[in-house]
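# Descriptive analysis of the structure
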Amino acid sequence: MLSIKNLCASVDGKAILNGINLEVKADEVHAIMGPNGSGKSTLAHILSGRGGYTVSDGEVHYFGQNLLDLETEERAHKGVFLAMQYPVELPGVNNMTFLRESMNAIRKARGEAEIDAVSFMKRVRHRAKQVKLDEKLLKRSVNAGFSGGEKKRNEILQMMMLEPQLAILDETDSGLDIDALRTIADGVNLLRSPDRALIVVTHYQRLLDYIEPDFVHVLASGRIIRSGGKELALELEEKGYEWLLEGAAA
Amino acid sequence: MNACASVFQQAATEYIDRLSNCEGEWLTEQRQAATQRFAELGFPHAGLEAWRYTSIEGLLQQDFKITHRTQAFLHHEMIQQFLGEPVAARLVFVDGIYQPNLSVHTGQTGLSVGSLHAAMAAGDRSVLRGVGSLSGIGDHGFAALNMATLQDGAVIQVSTGVAIRQPIELLHMATKGLSGQVQHTRHRVVLEAGASVNLVERYLSLDSESNYFNNMVCEISLGEGASLVHQRAQEESLTAYHLCDVHLDIQGDAHYQGVNAALGGAWSRTTFHARFVGEGANCELDGLYLAGEGQLTDFHLNVDHSVAHCESRENFKGILYGAGKAVFDGLIHVREQAQKSQAHLYNANLMLSRRAEVDTKPQLVILADDVKCSHGTTVGQLDDQALFYLRSRGLDKDQAKRLLCLGFTNEIVDRFQSEYLRDHLREEIVKRMSYERQV
């Protein structure tokens, strides 16, 4: 599904990614871990099309297509979704209107019919219940005045509604208490399916107790310095990143 | 005085000479005094602080004519598409002339509606004596011209304690026939003590290229404990000129809630003179403006806290795109005796183009020492992060921009009580943002 080869990128002339290689297939969950400043979020941003990064080398293919050539919204149309670390507040933009317009924009781009109001309402209520997002928040402005946990629940709600094929979760666990973490992980797990892949970017192993990864990659200084199964996350939890960083430097 | 001004003065003098005497000496004297005032003042110019950023050069170049029109015609079907919710009364003005056949009055007790022209024809002193009672004969040239040659307008009076639930609508339609002319209309609205009314003012053009000048004055008096909801939507043609001075006297414990939308006009300027004359009164004033290529939109607010224990809140938001230009000047004056006043003034501008311009000047002049006042102004662009967020959810750049612009204006649109107007304005905003292509 996704093939990243020797991806190198910089911000304002400062190299952040220094040759990332990663293969993601459908039905797989990949966890990207690493210390602060290792380039985890940069990778997530570049995959979703956020501006401000210069890709100096390498390629990213998504279903055989050059992903980096696509506009942000085209990536969304083709099933790429980024759950953001810091969801943006949109004062005055109604949460439900936003969700419906997003769904319809994606459907339209795929040549599908728009969703009717009744089906939409039914689905959004059902999904909101699954992520325990207060229905009142659906009628409010997007993320405006939401707590940290509510914002993250709202991200997962969007993901559930848009049903992406490649979902990238950027530090979705940051700032969440254990109950919220569990709810969100449950929501994410509901979406696991044979034709869908997940990339979970996280600093802590904690989230991976609930969203079980098939592969764990450790990112440091813009490179994947170690890949392994889910046991790698447990090892990291025990020994910290220092252990690997020393190894990589040696 | 420049050539154009002397032409206007000549026209005003001739206009007054032609009037029959039936409207009474008092009004004729006012007209003559206003003509004299105009001769002294001439047209406003950039040397005057209140007109510094609002050039009238383009307006003067249009060479508008003052004409004495008594007839205008519009078929009922032509206005049908502009009608919203049921009304207690609707006064339709076509090219500034009251149209009894298009107007509606449900005949509710305690509500009196009529036209200024009818009052003038009948020499109705009780109405005519009120003309200019709040505005004076004119504090700038255009206002003086309005007084000198005013022809028609609405006269609305609501008796003590009467609550009119359904709106009273003033619908102004400009036809092609108004092109090249200036129209002087003046409304007078009196709410007696404890009366409550929902007043809707709409300005529409039937011809998108019609080039005319609406030079309006609106005098509104709120008696003790009266309550007025005042919804105004200016959607003149994009080649028209629109000037309106709203004079507002607010007695004790009265409540005024005004909301404005200025979308149309090549050039438009609205001035509010709100004056508290009794304690415990409240004035809320909101507005939104959109100005694109070839447009200038101006709001001047002048809120006078002349007595204690009154509250005012003003919130105006604008979107500027293309080479659109806006002027915002909000002055809150809290006088020495106006203790325990509360006044909060905000102005926010969203700039969608580098060529757009806004000149904003919020001012608080506070002479009392026990007050709560604040003001704030912002001038910003669309947030890149917000645009990215929306695009990452599948919306293209234009859709994302439209949604954010609607979001920006929603706070003001929601202040319109009329659902019909809220929906209509949102549609118009979306339309305008769809034509807009530059970032």
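All values derive from a computational prediction rather than experimental measurement.

### Some details on the overall build of chain B
- Scanning chain B from terminus to terminus reveals 10 helices and 21 strands.
- In summary, chain B has a C-alpha radius of gyration of 21 Å against a globular reference of 22 Å for 439 residues, a match within 12%.
- Dimensions along the principal axes, computed over C-alpha positions, put chain B at roughly 70 × 50 × 45 Å.
- In chain B, buried positions account for 60% of the 439 residues.
- Relative to all contacts within chain B whose residues are 6 or more apart in sequence, the contacts with residues 24 or more apart total 85%.
- Summed over its atoms, the accessible surface of chain B is roughly 16,700 Å², and 47% of this surface lies on carbon and sulfur atoms.
- Separation of charge centres in chain B, based on 37 positive and 52 negative side chains, amounts to 4 Å.

### Details of unusual backbone geometry
- Of note, the phi angle at Ser221(A) is positive, near 45°, even though the residue is not glycine.
- For Ser221(A), a relative accessible area of 54% gives the class exposed.

### Side note on the layout of surface pockets
Residue and element names in this part refer to chain B.
- Put simply, the largest pocket is a space of about 530 Å³.
- In terms of lining residues, the largest pocket is bounded by 22 residues, among which Ser205, Glu235, Glu236, Leu238 and Glu428 are the most central.
- Breaking the lining of the largest pocket down by element, the ones donating at least two residues are strand 9 (196–205) and helix 10 (419–435).
- Classifying every residue of the lining of the largest pocket by side-chain character gives 7 nonpolar, 7 polar and 8 charged.

### Brief notes about empty space enclosed by the protein
Residues and elements named next belong to chain B.
- This structure, assessed with the given rule, holds 8 cavities of 30 Å³ or more.
- In this structure, the largest cavity encloses a volume near 80 Å³.
- Every residue along the wall of the largest cavity is listed here: Gly84, Glu85, Pro86, Val87, Arg90, Pro167, Glu169, Val200, Arg202, Ser418, Tyr420 and Leu421.
- Tallied by class, the residues present in the lining of the largest cavity amount to 6 nonpolar, 2 polar and 4 charged.

### Looking at the nonpolar core
- In this structure, Leu2(A), Ile4(A), Leu47(A), Leu90(A), Leu166(A), Ile199(A) and Ile319(B) are the most contacted members of the largest nonpolar core, which totals 65 residues.
- Ranked by the residues each element gives to this core, the list is headed by helix 9 (residues 397–413) of chain B, at 8 residues.
- Those residues in contact with Leu2(A) that sit more than four places away from it in its chain are Leu22(A), Glu23(A), Val24(A), Leu47(A), Val60(A), His61(A), Tyr62(A), Leu67(A), Leu166(A) and Ile199(A).
- Core analysis: the second largest hydrophobic core is formed by 57 residues, Tyr203(B), Phe272(B), Leu320(B) and Ala338(B) among them.

### Observations concerning the sheet that holds strand 1 (residues 2–11) of chain A
Residue and element names in this part refer to chain A.
- In space, the 4 strands of this open sheet follow the order 2-1-4-5, with antiparallel pairing throughout. Every other strand in the sheet has two partners, leaving strand 2 (14–24) and strand 5 (65–66) as the edge strands with one partner each.
- In this structure, strand 4 (residues 54–62) lies alongside strand 5, joined through 2 bridges in antiparallel fashion. In the sheet register, Tyr62 faces strand 5, and the bridge partner there is Gln65.
- Docked against the sheet, helix 1 (residues 40–48) engages strand 1, strand 2 and strand 4, running at close to 110° with respect to strand 1.

### Notes on the packing of aromatic side chains
Residues and elements named next belong to chain B.
- If you walk through the whole model with that rule in mind, you get 14 aromatic pairs over all chains.
- Look at Phe299 and Phe316: their rings are 5.0 Å apart centre to centre, the planes differ by 55°, and that puts the pair in the tilted class. On the criterion of sequence distance, the pair formed by Phe299 in strand 16 (residues 296–305) and Phe316 in strand 17 (residues 311–320) is long-range, its members being 17 residues apart.
- Using a relative accessible area of 0% as the deciding quantity, one classes Phe316 as buried.
- Ring geometry for Phe316 versus Phe328: centroids 5.5 Å apart, planes at 40°, classification tilted. Of this pair, Phe316 sits in strand 17 while Phe328 sits in strand 18 (residues 325–334), and the two are 12 residues apart along the sequence. In this structure, Phe316 and Phe328 share a single accessibility class: buried.
- Pairwise contacts between aromatic rings join Phe8, Phe38, Phe43, Trp51, Phe64, Phe142, Phe213, Tyr241 and Trp267 into one cluster.
- Stacked on the ring of Trp51, the Lys or Arg Arg269 has its end atom at 3.6 Å from the ring centre.

### A short note on the environment of Gly64(A)
- As for its placement among the helices and strands, Gly64(A) is situated in the loop between strand 4 and strand 5.
- Assessed through its relative accessible area of 67%, Gly64(A) is described here as exposed.

### Side note on the packing of helix 3 (residues 95–109) of chain A against helix 4 (residues 117–130) of chain A
Residues and elements named next belong to chain A.
- One way to put it is that helix 3 packs onto helix 4 with a least axis distance of 11 Å and a crossing angle of 115°. Helix 4 is crossed by helix 3, and the crossing has right-handed handedness. Within the contact between the two elements, helix 3 uses Met96, Leu99, Arg100, Met103 and Arg107 and helix 4 uses Ala117, Phe120, Met121, Arg123 and Val124.
- Among the residues making up the contact of helix 3 with helix 4, the classes are represented as 7 nonpolar, no polar and 3 charged.

### Some points on the interface of chain A and chain B
- Taken together, the contact pairs 29 residues of chain A with 19 residues of chain B.
- For the pairing of chain A and chain B, the buried interface totals around 1,900 Å² over both sides, and the portion due to carbon and sulfur atoms is 63%.
- There are 3 salt bridges connecting chain A and chain B.
- As a salt-bridge pair, Arg391(B) and Glu73(A) come within 2.6 Å of each other at their nearest N and O atoms.
- At the boundary of chain A and chain B, one finds 12 residue pairs in polar contact (both at pLDDT 80 or more).
- A total of 5 residues in the side of chain A that touches chain B trace back to one element, the largest contributor, which is helix 3 of chain A.
- Taken together, the residues of the side of chain A that touches chain B break down into 16 nonpolar, 8 polar and 5 charged.

### Describing the sheet that holds strand 11 (residues 215–220) of chain A
Residues and elements named next belong to chain A.
- Taken in spatial order, the 6 strands of this open sheet run 6-9-10-3-11-12, and their pairing is mixed. A single partner strand is all that each edge strand has here, and the edge strands are strand 6 (80–83) and strand 12 (223–228). Taking each pair of neighbouring strands and ignoring which way they run, the sheet shows an average axis angle of 20°.
- Pairing of strand 3 (residues 29–33) with strand 10 (residues 197–201), which is carried by 4 bridges, proceeds in the parallel orientation. Residue pairing in the sheet places Val29 in a bridge with Leu198 of strand 10.
- In this fold helix 5 (residues 148–162) packs onto strand 6, strand 9 (166–170) and strand 10, with an angle of close to 165° to the strand it touches most, strand 6.

### Observations regarding the pattern of salt bridges
All names here are of chain B.
- The final tally for this structure, using the stated rule, is 31 salt bridges over all chains.
- For Glu219, the salt bridge identified is with Arg186, shortest N-O distance 2.9 Å. Taken together, the residues Glu219 in strand 10 (residues 213–222) and Arg186 in strand 8 (residues 181–191) connect sequence positions 33 residues apart. The same class applies to Glu219 and to Arg186, which are both buried.
- Where Asp329 meets Lys361, a salt bridge forms, and the shortest distance between an N and an O atom there is 3.6 Å.

### Digging into the side chain of Ser48(A)
- The topology assignment puts Ser48(A) in helix 1.
- On the basis of relative accessibility, which here comes to 4%, the residue Ser48(A) falls in the buried class.
- Not counting residues within four places of it along the chain, the set of residues in contact with Ser48(A) comprises Thr72(A), Arg75(A), Leu82(A) and Phe388(B).

Here is what the cut-offs are and how they apply
- Residues numbered from 1 in each chain as written.
- Chains lettered and ligands numbered in written order.
- Predicted model: local features only at pLDDT ≥ 70, side-chain atom pairs only at ≥ 80, totals over all residues.
- Heavy atoms only, no water.
- Helix = DSSP H or I, 4+ residues; strand = E, 2+ residues; numbered from the N terminus.
- Rg over C-alpha atoms; globule rule 2.2 N^0.38 Å.
- Buried < 20%, exposed > 50% of the residue type's maximum accessible area, 1.4 Å probe, protein only.
- Contact = heavy atoms within 4.5 Å.
- Areas by Shrake-Rupley, 256 points an atom, 1.4 Å probe, with all protein chains shown as cover.
- Lys, Arg positive; Asp, Glu negative; His and termini not counted.
- Charge placed at Lys NZ, Arg CZ, Asp CG, Glu CD.
- 1 Å grid on protein atoms, 1.4 Å probe; cavity = no way out; pocket = protein on both sides within 12 Å on 5 of 7 lines; lining within 4 Å.
- Points joined across faces, edges and corners; volume = space filled by probe spheres on them.
- Nonpolar A, V, L, I, M, F, W, Y, C, P; charged D, E, K, R; others polar.
- Core = buried A, V, L, I, M, F, W, Y, C linked by side-chain atoms within 4.5 Å.
- Pairing = 2+ DSSP bridges.
- Axes fitted to C-alpha atoms, helices over the stretch in contact; angles between N-to-C directions.
- Phe/Tyr/Trp six-rings, centres within 6.5 Å; stacked < 30°, edge-to-face > 60°.
- Lys NZ or Arg CZ within 6 Å of the ring centre and 35° of its normal.
- Left-handed = near helix turned anticlockwise from the far one by under 90°.
- Buried area = accessible area lost by both parts, 1.4 Å probe.
- Salt bridge = Lys/Arg side-chain N within 4 Å of Asp/Glu carboxyl O.
- Polar contact = N/O pair within 3.5 Å; in protein donor to acceptor, adjacent residues only side chain to side chain.

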